[in-house]
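Each chain is listed here by its residues.
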Amino acid sequence: MSLTAKDKSTVKAFWAKIASKADAVGGDALSRLLVVYPQTKTYFSHWSDITPGSAPVMKHGRTIMGGVATAVGVIDDLIGGLLTLSELHAFKLRIDPANFKLLSHCLLVEFAIMFPAEFTPEVHVSMDKFFAALGLALAEKYR
Amino acid sequence: MVEWTAEERAAIQDIFNSLDYEDVGPKALQRCLIVYPWCQRYFGGFGNLYNAEAILSNPMVAAHGIVVLHGLDRAMKNMDDIKQTYAELSVLHSEKLHVDPDNFKLLADCLSVVIAGKMGTNFTPEIQAAWQKFLSVVVSALGRQYH
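Worth saying up front: this structure is predicted, and the values here are computed from it rather than measured.

Visitor: Sorry, what's going on with the overall build of chain A here?
Guide: Helix and strand counts for chain A come out as seven helices and zero strands. Sequence-ordered secondary structure for chain A, helices as α and strands as β, is α-α-α-α-α-α-α. Expected size for 143 residues packed as a compact globule is a radius of gyration near 15 Å; at 14 Å, chain A falls within 12% of this value. Across its three principal axes, chain A shows a C-alpha extent of roughly 40 × 35 × 20 Å. Expressed as a percentage of its 143 residues, the buried residues of chain A come to 48%. In the form shown here, chain A has an accessible surface area of approximately 7,000 Å², with 59% of it arising from carbon and sulfur atoms. One finds the centroid of the 15 positive side-chain charges in chain A at a distance of 3 Å from the centroid of its 13 negative side-chain charges.

Visitor: What is the right way to look at the UniProt feature "domain: Globin" (unreviewed entry) in chain A in this model?
Guide: UniProt records the feature "domain: Globin" (unreviewed entry) for residues 2-143 of chain A in the present numbering. The span residues 2-143 of chain A is 69% helix and 0% strand, and its two end C-alpha atoms sit 21 Å from each other.

Visitor: Looking at this structure, how should I read the packing of helix H6 (residues 98-114) of chain A against helix H8 (residues 102-119) of chain B?
Guide: When two helices pack together, you describe them by how their axes are tilted relative to each other and by the distance separating the axes. In the contact formed by H6(A) and H8(B), the axes pass within 7 Å of each other and the chain directions differ by 35 degrees. As H6(A) runs across H8(B), the sense of the crossing is right-handed. The segment H6(A) lies against H8(B), with His105(A), Val109(A), Ala112(A) and Ile113(A) engaging Asp109(B), Val113(B), Ala116(B) and Gly117(B). Among the residues making up the contact of H6(A) with H8(B), the classes are represented as five nonpolar, two polar and one charged.

Visitor: Can you help me understand the packing of aromatic side chains in this one?
Guide: In this description, a pair of aromatic rings is defined by centroid distance and the angle of the planes. Residue and element names in this part refer to chain B. Summed over all chains, the structure comprises 15 aromatic pairs over all chains. Geometrically, the ring pair formed by Trp 4 and Phe 134 is tilted, given 6.4 Å between the ring centres and 55 degrees between the ring planes. With Trp 4 in the segment before helix H1 (6-17) and Phe 134 in helix H9 (residues 125-143), this residue pair connects regions lying 130 residues apart in the sequence. Considered together, Trp 4 and Phe 134 belong to a single accessibility category, that of buried residues.

Visitor: Explanation requested: the interface of chain B and chain A in the structure shown.
Guide: Think of interface size as the accessible area that goes away when the parts come together; that is how it is often given. The interface is formed by 21 residues belonging to chain B together with 19 residues belonging to chain A. Interface area, chain B with chain A, both sides summed: about 1,700 Å², of which 65% is carbon and sulfur. Linking chain B with chain A are zero salt bridges, by the criterion used here. Our count for the contact surface shared by chain B and chain A stands at six residue pairs in polar contact (both at pLDDT 80 or more).

Visitor: Whenever I open this one, the environment of Val123(A) confuses me. Can you help?
Guide: All names here are of chain A. One can find Val 123 in helix H7 (residues 121-138). We classify Val 123 as buried; its relative accessible area is 11%. Expressed as a C-alpha distance, the spacing of Val 123 and Thr 10, which sit 113 residues apart in the sequence, is 6.3 Å.

Visitor: Looking at this structure, I do not really get H6(A). What am I missing?
Guide: Helix length check: H6(A), at 17 residues, gives a terminal C-alpha distance of 25 Å against a target of 24 Å (1.5 Å per residue), a fit within 8%. Along H6(A), 14 of the 17 residues are buried, which leaves the element largely enclosed by surrounding structure.

Quick notes on the rules
- Residues numbered from 1 in each chain as written.
- Chains lettered and ligands numbered in written order.
- Predicted model: local features only at pLDDT ≥ 70, side-chain atom pairs only at ≥ 80, totals over all residues.
- Heavy atoms only, no water.
- Helix = DSSP H or I, 4+ residues; strand = E, 2+ residues; numbered from the N terminus.
- Rg over C-alpha atoms; globule rule 2.2 N^0.38 Å.
- Buried < 20%, exposed > 50% of the residue type's maximum accessible area, 1.4 Å probe, protein only.
- Areas by Shrake-Rupley, 256 points an atom, 1.4 Å probe, with all protein chains shown as cover.
- Lys, Arg positive; Asp, Glu negative; His and termini not counted.
- Charge placed at Lys NZ, Arg CZ, Asp CG, Glu CD.
- UniProt positions renumbered as here; feature names shortened; annotations may be inferred.
- Axes fitted to C-alpha atoms, helices over the stretch in contact; angles between N-to-C directions.
- Left-handed = near helix turned anticlockwise from the far one by under 90°.
- Contact = heavy atoms within 4.5 Å.
- Nonpolar A, V, L, I, M, F, W, Y, C, P; charged D, E, K, R; others polar.
- Phe/Tyr/Trp six-rings, centres within 6.5 Å; stacked < 30°, edge-to-face > 60°.
- Buried area = accessible area lost by both parts, 1.4 Å probe.
- Salt bridge = Lys/Arg side-chain N within 4 Å of Asp/Glu carboxyl O.
- Polar contact = N/O pair within 3.5 Å; in protein donor to acceptor, adjacent residues only side chain to side chain.
- Expected span 1.5 Å × (residues − 1).

As structure tokens, then:
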């Protein structure tokens, strides 16, 4: 299910529309992840505060969206372009890749909430494919 | 048996109270068929599903979306025994419709996205958690009679 030219242009166009709100989207999506899928809290036991909307959560949401922005920029070669991020996730963070799908779902829910008109079914399918490809690229160095 | 807190019951009831079946049902099924096109395999008799425009204007898809959404009503009315409530529908989906139960989760996810779009920020993380817990119980019950 690789990204077609149409997928890539759809992702870039949608990203351009939402880029100014990306930080809020990221923070809210991460807040959502921690509440809807409580098992994900296990990765943040070192944080003082993992309540939705808290400072560490919102800050980390910004970090994650920075990574997504990078991915949009290297959409023609996600695996090559995200090698460093993959090494980080593989050797340091060691997040089970199943969690990438959970965060993707939360991001899609955020898009539906914040951009109901723009997040059409066609945009949804391209973004879902993009996040799946992004997850694969992040897991590239795992084994 | 599934345990529901008072907050979870209230959250789920609230969603159903303001649910516009004629709008959300079609949207959820349309989105499922567009985002996960392999689901179209179960709708061979529905006419033109060739592209997103066709799916979005297909009256059979819209009508069936409403049917499927109303199917959730019985779970909402029998939250303390969803498993038994769906036994017959599970047999139907397995023996007659031959639907791969993995597909139920795909439709459930699309339904959550559509409801999120309608409720906006009222679809809080806590409400989402309760709603998705409800859907996962329904999905599990629908898959239970497969063998």
